[in-house]
Amino acid sequence: MDSSSNNDVIPSLGEEEEGNDTMEPVEANSRSNTPTGSGQDRKRKCTSAVWSSFVIVGKNVQGKEHCKCKYCGKQYICEGTHGTGNMKRHIEFQCPKIMMHDPRQMLLKNNKSANMTVSNSKSQNEFRTIVAETIVLHDLPFSFVEWSGVRKMIGYCTDEFHMVSRNTAKADVLSLYCIEKTKVKTLLEEAPGRICLTSDLWTSIATDGYMCLTTHFIDKIWVLQKKVLSFCFMPPPHDGVSLADKIKTLLWEWKIENRIFSITLDNASSNNSLVHNLKSHLNINKALLCDGEFLHIRCCAHIINLIVQDGLKEIYGVVHKVRESVKYARASQTRKQKFLECIKRVHLDSKRGLRQDVPTRWNSTYLMLDSAIYYRLAWTALELADSNYKHCPSESEWENVEKLYKFLRHFYDTTNLFSGTKYPTSNLYMPKVFITYLTLMQNLASDDPFFKAMSNQMYTKFNKYWFDFSTILAIAIILDPRYKMEFVMFVYERLYGAESKQLEEVKGKLFALFNEYVTSSTGRSTIRPSPLSYPSTSSGRQRVDDLDLVLLDFDNNINGDIVDIQRTQLDLYLEERRLERSIDLNILDFWKGNEPRYPELAAMARDVLSVPISTVASESAFSMGGRVLDQFRSSLLPNVAEALVCSRDWILGNGESAILKCEEITKDLWEMEDDSTPASTQTMHDQSSIQGY
């Protein structure tokens, strides 16, 4: 008997039997004995094709009948209840001698895909993972796995896998969420710098409150990362204390409570209390730099929205006429057709289309003006062709509309620029805000009453939020080698006058922040001279006399003065010549290349440049939340909704499909209130909207 005859091979959990081959009695090769009605045992014939490669060898000591492979001698249990699945797999994929000597098996092996050699259990697990990812990435319902058409398609393509139930698909999505969460935690642990946050609130269609917390950081290869940490249920009340407690819990869960640099929030009044409570908690363990002075960042895109909204209130009449014109043309199919005829008559492109705005969204108003101005001649033609059309602007009003459109272009472009999440935005703040200030001042000096009234209202709101520039964002522009300190001095001189206290404050805080990084670093920003050695006299005396003590004190004072006047990394960087401002510079690549020269300064730049100046990253998650918790799936549990939203963000990463363009976001935006609005209404938004600009 073969040496392997003593080893019984028992089928594993992953080796379910395939088929129930019937066996009739034969005299040569027979299986188990079946009792007959007369009490006699009769043999059953073995009809399966596997018996051409296997032979029965009898029963082992446990009394179980065995068979062995004719080629390699491997044995399997062949009791009647076990079937022939194991033997089939052995012949097709496992027998080494058949693979080496049978040309047909060799050809079969070459033609099989690599995953055919993997056990069914592993292949099924991989298939389930792919199904879970498909549900997450394409916003599919869990019942997707039970659609008859999908099951038919999978069955036609392969019989290796079978579709799971909707409950199993939900469990697979939760498992995928846990796997991806572990990866994000590892990425955060490996990040060399500090973590910046954005956060906002949202109300689902079922009136449940959700908080989105997003993290921003620059990884070890100097790539800006954006990850949604949490999309969690937030029960009332939504005051500052409750929000701070929730964020503290999330920071502790992700183990980043001692690495926070800043948090960007909108202008809700409750957020001031949130920041105060969060800062007090983090300062207990001295987790913040400069005692949290740079912790709170106000969303710049929100501020722009407030500024523009105040200005549009002053010129309601001309905008109202354009809005009513668009409504009129879109009111019925007959009017649409008549307007299309007018477009053809003046030889314009009808495919460009009209945009109807939402009055509380200034950027949608800008897009409406853009489309209406293009069809200016068509509106005039419609007024002549349709006596019911009463809202056509006059020539002078069209001129004001065009001026308004050009005026708002700067604010629209600035909002788009501030809303980026794939590139640093903190260094973009000061130049754009300064140009905004100059634009308003230019219109204030204008003789045109139309723009003067609007600009005066906007300037009042500008001074409320931006009369004093954000210090940390002023430091960010200093860390841009195209601007440095010279630009800050240029701006502050025009705003506050020469040698202003605001400029001195920026300089002081810049060096104070840099000293924090020098102190926390293992090295020094400068090379201190080595202490002087004092050799003993020729007489070998160990004691120094009084004169030596005086001279030693003199030497120490001189050495201290030398250390004080040595250049730090920040000094050397500021003294270097600025790069040309027109250069298209990747600022992260610049600091990556200069990290060996300025290690502590580069560490500071890594954190400052990762500060987001808008909350779009968190608000864009609400668009996904609206699709997850739509009217058909509004009863999803909060943990399932969080798994769907977060997993989608983590799988897509920083890919193009993960980032919503500003125009796509504005289609879902509805309202933006001032910080004078009660927190209960300001921080919670309708399901069909994202708070926006």
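Anyway, here's the lowdown on the structure attached to this text. (Residues numbered from 1 in each chain as written. Predicted model: local features only at pLDDT ≥ 70, side-chain atom pairs only at ≥ 80, totals over all residues. Heavy atoms only, no water.)

Notes on the overall build of the chain
Helices and strands together make up the secondary structure of the chain, namely 27 helices and 10 strands. Counting only residues that meet the buried cut, the chain has 48% of its 693 residues in that class. A sequence separation of at least 24 residues applies to 68% of the contacts in the chain between residues at least 6 apart. Total accessible area on the chain stands at roughly 34700 Å², and carbon and sulfur atoms take up 52% of it. (Helix = DSSP H or I, 4+ residues; strand = E, 2+ residues; numbered from the N terminus. Buried < 20%, exposed > 50% of the residue type's maximum accessible area, 1.4 Å probe, protein only. Contact = heavy atoms within 4.5 Å. Areas by Shrake-Rupley, 256 points an atom, 1.4 Å probe, with all protein chains shown as cover.)

So, the sheet that holds strand β8 (residues 224-233)
Across a sheet, paired strands are connected by hydrogen bonds in the backbone, their directions being either parallel or antiparallel. Here we have five strands laid out as an open sheet, ordered β8-β7-β6-β9-β10, and mixed in their pairing. Two strands bound the open sheet, and with one partner strand each, they are β8 and β10 (296-298). Neighbour to neighbour, the strand axes of the sheet diverge by 25° on average, direction disregarded. The strands that helix α24 (residues 616-628) touches are β6 (195-203), β7 (209-218) and β8; relative to β6, the one it contacts most, it runs at about 40°. (Pairing = 2+ DSSP bridges. Axes fitted to C-alpha atoms, helices over the stretch in contact; angles between N-to-C directions.)

Side note on the packing of aromatic side chains
As enumerated under the stated definition, the model contains 36 aromatic pairs in all. Between the aromatic rings of Phe127 and Phe161, the centroid separation amounts to 5.1 Å while the plane-to-plane angle is 5°, which identifies the pairing as stacked. In this pair, Phe127 sits in helix α4 (residues 120-137) while Phe161 sits in the loop between α5 (148-157) and α6 (166-190), placing the two residues 34 residues apart along the sequence. A centroid spacing of 5.6 Å and a plane angle of 75° characterise the contact between Phe462 and Trp466, whose relative ring orientation is edge-to-face. Placement of the pair is Phe462 and Trp466 together in helix α16 (residues 449-466), with a separation of four residues, close to one helical turn. The exposure class assigned to Trp466 is buried, which follows from its relative accessible area of 4%. One aromatic cluster in this structure is built from Tyr429, Tyr437, Tyr459, Phe462, Trp466, Phe467, Phe469, Tyr492 and Tyr496. Lying across the ring of Trp254, Lys185 places its NZ or CZ 5.9 Å from the centre. Across from the ring centre of Tyr374, 4.4 Å away, lies the NZ or CZ of Arg352, which sits over that ring. (Phe/Tyr/Trp six-rings, centres within 6.5 Å; stacked < 30°, edge-to-face > 60°. Lys NZ or Arg CZ within 6 Å of the ring centre and 35° of its normal.)

With respect to the pairing of β8
Within β8, nine of the 10 residues are buried, which leaves it mostly tucked inside the rest of the structure. Sheet analysis places β7 next to β8, joined by nine bridges and oriented antiparallel. Paired with Met211 across the two strands is Cys232, which belongs to β8. Where β7 folds back onto β8 in an antiparallel hairpin, the turn is made up of five residues, including Trp222, whose phi is positive at roughly 60°.

Some remarks on helix α23 (residues 599-608)
Think of an α-helix as 3.6 residues a turn; residues three or four steps apart then line up on the same face. Among the 10 residues of α23, eight are classified as buried, and the element is accordingly described as predominantly covered. Those residues of α23 lying buried are Glu600, Leu601, Ala602, Met604, Ala605, Arg606, Asp607 and Val608.

A few points about the nonpolar core
If you look at the biggest cluster of nonpolar residues, it comprises 103 residues, and the most contacted ones within it are Trp379, Met430, Trp466, Tyr492, Leu513 and Trp591. Considering each element in turn, this core owes the most residues, nine residues, to helix α14 (residues 395-418). Leu140, Val173, Phe231 and Ile247 belong to the second-largest nonpolar core, a separate cluster that totals 64 residues. (Core = buried A, V, L, I, M, F, W, Y, C linked by side-chain atoms within 4.5 Å.)

A few points about the pattern of salt bridges
Once their charged atoms are close, side chains differing in charge can pair, the charge on each being opposite to the other. Following the criterion strictly, the structure yields 24 salt bridges and no others. The partner of Arg648 in a salt bridge is Asp139, and the shortest N-O contact between them spans 3.7 Å. On the criterion of sequence distance, the pair formed by Arg648 in helix α25 (residues 638-652) and Asp139 in the loop between α4 and α5 is long-range, its members being 509 residues apart. Given the relative accessible area of 17%, Arg648 is considered buried. (Salt bridge = Lys/Arg side-chain N within 4 Å of Asp/Glu carboxyl O.)

Some details on the packing of helix α15 (residues 429-444) against helix α18 (residues 484-496)
Axis angle and axis distance: for two packed helices, these are the angle between their axes and the distance between the axes, and together they describe the pair. Remark: α15 packs on α18, axes separated minimally by 11 Å, with the N-to-C direction vectors making an angle of 25°. One finds that α15 runs roughly parallel with respect to α18. Seen along the crossing, α15 lies across α18 with a hand that is left-handed. Judged by residue contacts, Met430, Pro431, Phe434 and Tyr437 of α15 engage Phe487, Val488, Phe490, Val491, Tyr492, Arg494 and Leu495 from α18. Split by residue class, the contact of α15 with α18 holds 10 nonpolar, no polar and one charged. (Parallel < 35°, antiparallel > 145°, perpendicular 65-115°, else oblique. Left-handed = near helix turned anticlockwise from the far one by under 90°. Nonpolar A, V, L, I, M, F, W, Y, C, P; charged D, E, K, R; others polar.)

Some words on the sheet that holds strand β4 (residues 65-69)
The sheet built from three strands is open, its strands ordered β3-β4-β5 with antiparallel pairing. Both edges of this open sheet fall to β3 (54-59) and β5 (75-77), since each of them pairs with a single strand only. Averaged over neighbouring strand pairs, the angle between their axes works out to 30° when direction is ignored. Where β4 meets β5, three bridges bridge the pair, whose relative direction is antiparallel. The residue of β5 that forms the bridge with Cys67 is Tyr76. Sheet contacts for helix α1 (residues 85-94): β3, β4 and β5; angle to β5, the most-contacted strand, approximately 155°.

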